[in-house]
Amino acid sequence: MGLQFVSVPTDVGLVVAAVTPVGVVATSFDDGPEFRDRVRERMSPFPDDAGEPDTGEVGRQLAAYFAGELTEFTVPVDWRLMSTTQRRVLGLLFESVPYGRAVTYGDLARETGIPARAIGSIMGSNPIPIIVPCHRVVAGDGLGGFSGGAGVESKRRLLTMEGHLPPTLF
């Protein structure tokens, strides 16, 4: 199978990306056999892609992002593990919400015609967090939830790193 993994140590965990010859298909805040096995299982119905995944560039961009040196990922994304609705919402997020900005669940709901609660579920099931920036979707009255890494604390750290939130004292 044309699937490889690359890990990058960060201040929010050992971030891992699963990469196909098409692009990044999944990421996680915690590298481990469970994540890798789950991605392999989800990829099993798909035919093998020709070519070798470019894990080097994915690793470089993730490291640069967490070092504060990269504000836009240019690695290709492999969307195949998403439903049509997920792809529509997450694709809009990926294309229209840049580094340092945030939108609300309600904003995405109005833009897509999908209810805000469903938007929250789509964000929670995003297979490519960080690169497809579900952390940039916030509640109208606060941060909202986050299922990656250490939960809302990871979301807060990413939004602070991007300059959307001010640094905290502790």
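Summarised in this report is the structure supplied together with it.

The rules we used
Starting afresh in each chain, residues are numbered from 1 along the sequence in its written order. This being a predicted model, a pLDDT of at least 70 is required before a residue's local features are given, and a value of 80 or more before pairs of side-chain atoms are given or counted; all residues contribute to the totals for chains, interfaces and linings. Only hydrogens and water are removed before side-chain values are computed, so all heavy atoms of the structure are retained for them. Any two strands with at least two DSSP bridges between them are considered paired. Working definition: helices are DSSP H or I runs of at least four residues, strands are E runs of at least two. Numbering for both runs from the N terminus. Each axis is a line fitted through C-alpha atoms, taken for helices only over the stretch in contact, and angles between the N-to-C directions span 0 to 180 degrees. Contacts are assigned to residue pairs with any non-hydrogen atoms lying within 4.5 Å of each other. Among buried residues, those of type Ala, Val, Leu, Ile, Met, Phe, Trp, Tyr and Cys that are joined through side-chain atoms within 4.5 Å constitute a nonpolar core. Relative accessibility thresholds used throughout: buried, under 20% of the residue-type maximum; exposed, over 50%; partly exposed, between the two (1.4 Å probe, protein chains only). Regarding the arc, it is the one traced by the directions from the helix axis to the C-beta atoms. In this analysis, the expected span of each helix is defined as 1.5 Å times one less than the number of residues it contains.

### Comments concerning the sheet that holds strand β1 (residues 4–10)
Phase 1: One open sheet accounts for three strands, arranged β1-β2-β3; its pairing is antiparallel. Each end of this open sheet is capped by a strand with a single partner; those strands are β1 and β3 (24–28). Averaged over all pairs of adjacent strands, the angle between strand axes in this sheet comes to 20°, irrespective of strand direction.
Phase 2: Where helix α1 (residues 33–43) meets the sheet, it contacts β1, β2 (13–19) and β3, and its direction lies at approximately 155° from that of β3.
Phase 3: Along the sheet, helix α2 (residues 55–66) contacts β1, β2 and β3; its crossing angle with β1, the most-contacted strand, is approximately 20°.

### Some thoughts on the nonpolar core
Phase 1: Formed by 41 residues in total, the largest nonpolar core has its most connected members in Leu62 and Met123.
Phase 2: Of all the secondary-structure elements, those providing two or more residues to this core are β1, β2, α2, α3 (84–96), α4 (105–112) and α5 (116–124).
Phase 3: Per-element tally for this core: the top contributor is α2, with five residues.
Phase 4: Those residues in contact with methionine 123 that sit more than four places away from it in its chain are Val89, Leu90, Leu93, Tyr105, Leu108, Cys134 and Val137.
Phase 5: Ranked by size, the runner-up nonpolar core spans ten residues in total, among them Val16, Val25, Met43 and Leu81.

### What to know about α1
Phase 1: Along α1, the residues that are buried comprise Phe35, Val39 and Met43. The arc that holds the buried residues of α1, viewed along the axis, is 65°, so those residues lie on one side. For α1, the exposed residues lying more than 90 degrees away from the buried face are Pro33, Glu34 and Glu41.

### Thoughts on α2
At 3.6 residues per turn, the α-helix brings residues three or four places apart onto the same side.
Phase 1: The end-to-end C-alpha distance of α2 is 17 Å, a good match for the 16 Å that twelve residues give at a rise of 1.5 Å each.
Phase 2: For α2, the complete set of buried residues consists of Thr55, Val58, Gly59, Gln61, Leu62, Ala64, Tyr65 and Phe66.
Phase 3: Considering only its buried residues, α2 is in contact with β1, β2, β3 and α6 (152–161).

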